[in-house]
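Here is how the chains run, residue by residue.
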2 protein chains.
Amino acid sequence: MSVTDTRERLLEIALELIWQSNYSCVGVNEICKQAGVTKGAFYHHFESKASLFCEATAYYWQVIRNDLDAVFSPLNSPLVQLENLLHFLIMAKLGNDQAGIRGCPFYTSGAQIGSNEEKVIEALELLSSNAVKYNAALVHGLKSGGCLEEDVDVDAEQTGLLLYHFIHGVFSYAHVHEVVENTKRDLTVGIYRLLGLKREHWYAAEPNWVPQQANSHFVEQVMLPRRSD
Amino acid sequence: MSVTDTRERLLEIALELIWQSNYSCVGVNEICKQAGVTKGAFYHHFESKASLFCEATAYYWQVIRNDLDAVFSPLNSPLVQLENLLHFLIMAKLGNDQAGIRGCPFYTSGAQIGSNEEKVIEALELLSSNAVKYNAALVHGLKSGGCLEEDVDVDAEQTGLLLYHFIHGVFSYAHVHEVVENTKRDLTVGIYRLLGLKREHWYAAEPNWVPQQANSHFVEQVMLPRRSD
DNA sequence: AAGCATACATACCGGTTGGTATGCTCGTCA
DNA sequence: TGACGAGCATACCAACCGGTATGTATGCTT
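Residues numbered from 1 in each chain as written. Chains lettered and ligands numbered in written order. Predicted model: local features only at pLDDT ≥ 70, side-chain atom pairs only at ≥ 80, totals over all residues. Heavy atoms only, no water.

Caption draft 1: Looking closely at the packing of aromatic side chains. Residue and element names in this part refer to chain A. Applying the stated criterion to the full structure yields 22 aromatic pairs over all chains. Where phenylalanine 88 meets tryptophan 209, the ring centres are 5.3 Å apart and the plane angle is 85°; that geometry is what we call edge-to-face. Placement of phenylalanine 88 in helix 5 (residues 78–94) and of tryptophan 209 in the segment after helix 8 (183–195) is noted, with a sequence separation of 121 residues between them. Summarising the burial analysis for this pair, phenylalanine 88 and tryptophan 209 share the class buried. One aromatic cluster is present, formed by Phe42, Tyr43 and Phe46 through successive ring pairs. For the cation-ring pair, lysine 49 lies above tyrosine 23, with the distance from its terminal atom to the ring centre recorded as 4.3 Å. (Phe/Tyr/Trp six-rings, centres within 6.5 Å; stacked < 30°, edge-to-face > 60°. Helix = DSSP H or I, 4+ residues; strand = E, 2+ residues; numbered from the N terminus. Buried < 20%, exposed > 50% of the residue type's maximum accessible area, 1.4 Å probe, protein only. Lys NZ or Arg CZ within 6 Å of the ring centre and 35° of its normal.)

This is the structure in structure tokens:
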């Protein structure tokens, strides 16, 4: 195993475990066990569990921003971008098999970290603000394209934030209650409505986004009970 | 202290602590300490931490359903009900002082409980399904009153669920990131949009709901660091 | 007054947590 | 060839976790 391998492996496993469960439920021991390394290796590469978490957020963002850039590629019309987003969300959170639901690995974790660890909160804020920026750009494109109902006193930035809230609300619920069936439908309708998408554009475009091979290693399966049993 | 006092006190303190933080971060020791009782008393009244949590959900529901019934009183027009809901949410989550943000005490807790403890998941599901019912009733009323944009293929039940997702998304975020300023505005706009509320009814009615005195004891302050430091 | 159950208080338990101290094994370079 | 640091493995730690065993004060019943 090369030098950077162990480190990356720890990051990936940690992400996967936190994704399936959440920060406070995932112990250092469990991470090491799944990664096939010892605690000595862990604390050789990371100074603390929180530190790992910080680096994992950056790592996570680095991974998904490629996908997001593809989803929101300027080559795609705003309507295609929208359908791409929906497709991306469904794939990322539910996966191909639609077996288990992953929450956002970070969304529910914020409240579980000591408030003294400001670095972590900052990392989370960077993540969410970036996500909102993508959303806002989408809104802006749709608006310019005349796809949205007129709405003078609400700007793209705010609508992007509304989308962010809603999306995480949906998946957070789905993650906890393990219901899948209506998730895609609810997600779609909710986003359409929050956008104020004109009715004639509902389900109008076909998504052209496909998961990038480069990320498939990231979604490799790690077997463990979903919660802390 | 009377017999039922200790028990109720434990329930209330536990709720308050979970509210400010979350299930897995709140220990039995901390609950006992804040409640001013010993562990012996705790395990005299509750057979486990999870059991307490179950009873707390029921207790919580019993408390807020009075408020919800007042918010959604048939004496109020649907538009007033809507504004009441907004008012209620802001008051319940942000409080009068707008100092700290409380997440829903249960929303983020689901993922932190052993999956073997099915009872807890059931209790949570009852809670959320009840909330959705209230929302759905509101949607139905607004629709009957002709306040909503026509939307043939989305029923009241589904819209109620969308509202639920969005609301919890907003407060979950606010709770973690401790931002308050735009919460009320975002919440309002998002709900209006998800409802498809006709533009002429935005901000149209005045809420007539006021917090019930009976619940004020429930929101008593408990001092502790917000997260598990 | 005897008997007994309720309502706790105190002390303690095994297991797990995040974190550390120490030692070993390599490849590298003087 | 020998010093040395990077990259770990092993063993261990105090703190804390949820939970329990046992003692005790109080009040009700008979």
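Now that the structure has been shown, the text picks up again.
Caption draft 2: Main features of the pattern of salt bridges. Residue and element names in this part refer to chain A. With the rule as written, the count across this model stands at six salt bridges over all chains. One salt bridge connects arginine 65 with aspartate 69, and the closest N-O pair in it is separated by 3.8 Å. Placement of both arginine 65 and aspartate 69 in helix 4 (residues 49–71) is noted, with a separation of four residues, approximately one turn of the helix. Exposure remark for aspartate 69: the relative accessible area of 36% places this residue in the partly exposed category. (Salt bridge = Lys/Arg side-chain N within 4 Å of Asp/Glu carboxyl O.)

Caption draft 3: Spotlight on the nonpolar core. Counting 144 residues, the largest nonpolar core has Leu187(A), Ile191(A), Leu197(A), Leu187(B), Ile191(B) and Leu197(B) as its most contacted members. Once residues lying within four places of it in the same chain are set aside, the contact partners of Leu187(B) are Leu86(B), Leu89(B), Ile90(B), Phe166(B), Ile167(B), Val170(B) and Phe171(B). (Core = buried A, V, L, I, M, F, W, Y, C linked by side-chain atoms within 4.5 Å. Contact = heavy atoms within 4.5 Å.)

Caption draft 4: Representation of unusual backbone geometry within the structure. Here Tyr203(A), not a glycine, exhibits a phi torsion of approximately 55°, which is positive. Note on placement: Tyr203(A) falls in the segment after helix 8.

Caption draft 5: The arrangement of the packing of helix 4 of chain A against helix 6 (residues 118–144) of chain A in detail. Residue and element names in this part refer to chain A. Relative to each other, helix 4 and helix 6 sit at 10°, their axes nearing to 9 Å. The orientation of helix 4 with respect to helix 6, classified from their angle, is roughly parallel. Contact residues: helix 4 offers Ala50, Phe53, Cys54, Thr57, Tyr60, Trp61, Arg65, Leu68 and Asp69, while helix 6 offers Lys119, Val120, Ala123, Leu124, Leu127, Asn130 and Tyr134. Broken down by class, the residue content of the contact of helix 4 with helix 6 amounts to 11 nonpolar, two polar and three charged. (Axes fitted to C-alpha atoms, helices over the stretch in contact; angles between N-to-C directions. Parallel < 35°, antiparallel > 145°, perpendicular 65-115°, else oblique. Nonpolar A, V, L, I, M, F, W, Y, C, P; charged D, E, K, R; others polar.)

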